[in-house]
Amino acid sequence: MSNNTSFHCHSPEKERVLGKEAQKRLLIACILCFLFMLGELLGGYYSGSLAIMSDAAHMFSDFGSFCISLFVIWLSEKGPRKYMTFGFYRAEALGALATVVIIFYITGILTYLAVQRIKSGDFEIQDDAMMAVAAVAVVFNIVLGLCLNGMCFPGLEGGALVHGHSHGAHSRLREDTDVEIQSENAPRSEKHINIRAALIHVLGDLLQSCGVLFSSVLIKIFGDSCKVVDPICTLIFAVIVLFTTIGVLRDTLKILLEGTPKGIKYDRVINELTQIPEVDSVHDVNLWSLTADLPVSSCHICVSPAADHSKILMEAKRIMKEKFNINKTTIQIEDCVNTSDCVHCKPLTL
């Protein structure tokens, strides 16, 4: 057991840089997105291209979702209140979910319009205007993606990508593995969940723009006989967008449903805590997240009658903080009794 008597469960934490960095990037994205959306609306209306109009509609959904993300990040940074003791961190997950819902809604409308165009065949395409707008859209979406990744304005990083404070579950946005949790001093390169949702928007728009550019070239070369490529590109884009949103939707729902954070193994938590001297068993373990980078836990630890409860509590909290990056944990220390008949005292098996 560690002899670090200076450890305190409420030791000061460094500022959450991730949310502030996300705000800066999203603000830039909002401005760029709004300006280009106006240009695409005019270009799509003039050229008669549904694909360009659909891209402008997605730009509008991007702009709306970016604004939602900015609001929920601002809200989540507010501290706990008497009426909201955990704070407003869950607003980040709600914002990401709202973004995904907007994507599904817009994609559904455009899919319907594309099917109607394919069935009727009654539409005109201005190939030159369509090609010009699509080419500019490809460049714009690349620039917008780079901005959201923090590559266009490195001065705005503020140390968010390489910093020392703990990010818990957010240190793993990939699938669950048995790999050791990174140490607190290891570089972090993961993204805020609302930035991830925004990047899904931009990726979808980039694919759409590439498809529109390709179809405009075909229409330019082969004439109206290829104009059906325009709504077909919209349908292909809709399928791609649905698949690219699954990851963000899954992670968001896991936070809202209080699932075990990624990168933290239920069995490993129990094993680490039971290795503390004079600890007999650990049960009623709960692991969840307030938001992607703020995991939370609670558990009951059964100890021998002669054990020093304070030392065991200090050691358990140190393990949760240093090995699992969990800064907010509630631990109940109790003397060992016969718990064979209590279903809550048995570890989970599924």
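See the structure above.
As the structure is a computational prediction, the values presented were derived from the model and not from experiment.

A.B. asks: Tell me what's going on with the overall build of the protein chain, and back it up with residues and numbers.
C.D. replies: From N to C terminus, the protein chain includes nine helices and three strands. Starting at the N terminus and ending at the C terminus, the protein chain contains elements arranged as α-α-α-α-α-α-α-α-β-β-α-β. Counting across all 350 residues of the protein chain, residues that qualify as buried make up 49%. The long-range fraction of contacts in the protein chain, counting pairs at least 24 apart against all pairs at least 6 apart in sequence, stands at 76%. Total accessible area on the protein chain stands at roughly 17,100 Å², and carbon and sulfur atoms take up 65% of it.

A.B. asks: An account of the pattern of salt bridges is requested, with residue identities and associated values reported.
C.D. replies: Tallying each qualifying case throughout the model produces seven salt bridges. Linking Asp251 and Lys262 is a salt bridge whose minimum nitrogen-to-oxygen distance equals 3.1 Å. One end of the pair, Asp251, is in helix 7 (residues 246–256); the other, Lys262, is in the loop between helix 7 and helix 8 (266–274), with 11 residues separating them in the sequence. Residue Glu272 is joined to Arg268 by a salt bridge in which the shortest nitrogen-to-oxygen separation is 4.0 Å. In this pair, Glu272 and Arg268 both sit in helix 8, four residues apart, roughly one turn of the helix. What makes Glu272 buried here is its relative accessible area of 14%. Linked by salt bridges that have partners in common, Arg250, Asp251 and Lys262 make up one network.

A.B. asks: I'd love a proper account of the sheet that holds strand 1 (residues 279–291), names of residues and values included.
C.D. replies: Taken together, three strands build an open sheet; the order of strands is 1-2-3 and the sheet is mixed. Whereas interior strands pair on both sides, the edge strands pair on one side only; in this sheet they are strand 1 and strand 3 (328–335). Each strand of the sheet is rotated relative to its neighbour by a mean of 10°, with strand direction disregarded. Note that strand 1 and strand 2 (residues 294–303) share nine bridges and pair antiparallel. Among the inter-strand pairings, Val279 is bridged to a residue of strand 2, identified as Val303. The strands that helix 8 touches are strand 1 and strand 2; relative to strand 1, the one it contacts most, it runs at about 135°.

A.B. asks: Outline unusual backbone geometry, listing residues and values.
C.D. replies: Its identity as a non-glycine residue notwithstanding, Glu258 has a phi of 60°, on the positive side. Considering the arrangement of structural elements, one finds Glu258 in the loop between helix 7 and helix 8. At Asn325, a position not held by glycine, the phi torsion is positive, near 60°.

A.B. asks: How would you summarise helix 3 (residues 90–120) if you had to cite specific residues and measurements?
C.D. replies: If you check helix 3, its first and last C-alpha atoms are 46 Å apart, about what 31 residues at 1.5 Å a residue would give, namely 45 Å. One or two positions beyond helix 3, positive phi appears at Gly121, with a value near 70°.

A.B. asks: Before we move on, could you go through the nonpolar core and cite the residues and values that matter?
C.D. replies: If you look at the biggest cluster of nonpolar residues, it comprises 22 residues, and the most contacted ones within it are Val269, Leu273, Val282, Val285, Leu287, Ile301 and Ile312. Of all the elements in the fold, those that place two or more residues in this core are helix 8, strand 1, strand 2, helix 9 (309–324) and strand 3. Ranked by the residues each element gives to this core, the list is headed by helix 9, at five residues. Those residues in contact with Leu273 that sit more than four places away from it in its chain are Val279, Val282, Cys299, Ala316, Ile319 and Met320. Core analysis: the next-biggest nonpolar cluster, separate from the first, contains 19 residues, Phe36, Met37, Met59 and Ile195 among them.

A.B. asks: So what's going on with the side chain of Glu92? Residues and values would help.
C.D. replies: Tracing the chain through its elements places Glu92 in helix 3. A residue is classified by how much of its surface remains accessible, and Glu92, at 1% relative accessible area, is buried.

Cut-offs applied
- Residues numbered from 1 in each chain as written.
- Predicted model: local features only at pLDDT ≥ 70, side-chain atom pairs only at ≥ 80, totals over all residues.
- Heavy atoms only, no water.
- Helix = DSSP H or I, 4+ residues; strand = E, 2+ residues; numbered from the N terminus.
- Buried < 20%, exposed > 50% of the residue type's maximum accessible area, 1.4 Å probe, protein only.
- Contact = heavy atoms within 4.5 Å.
- Areas by Shrake-Rupley, 256 points an atom, 1.4 Å probe, with all protein chains shown as cover.
- Salt bridge = Lys/Arg side-chain N within 4 Å of Asp/Glu carboxyl O.
- Pairing = 2+ DSSP bridges.
- Axes fitted to C-alpha atoms, helices over the stretch in contact; angles between N-to-C directions.
- Expected span 1.5 Å × (residues − 1).
- Core = buried A, V, L, I, M, F, W, Y, C linked by side-chain atoms within 4.5 Å.

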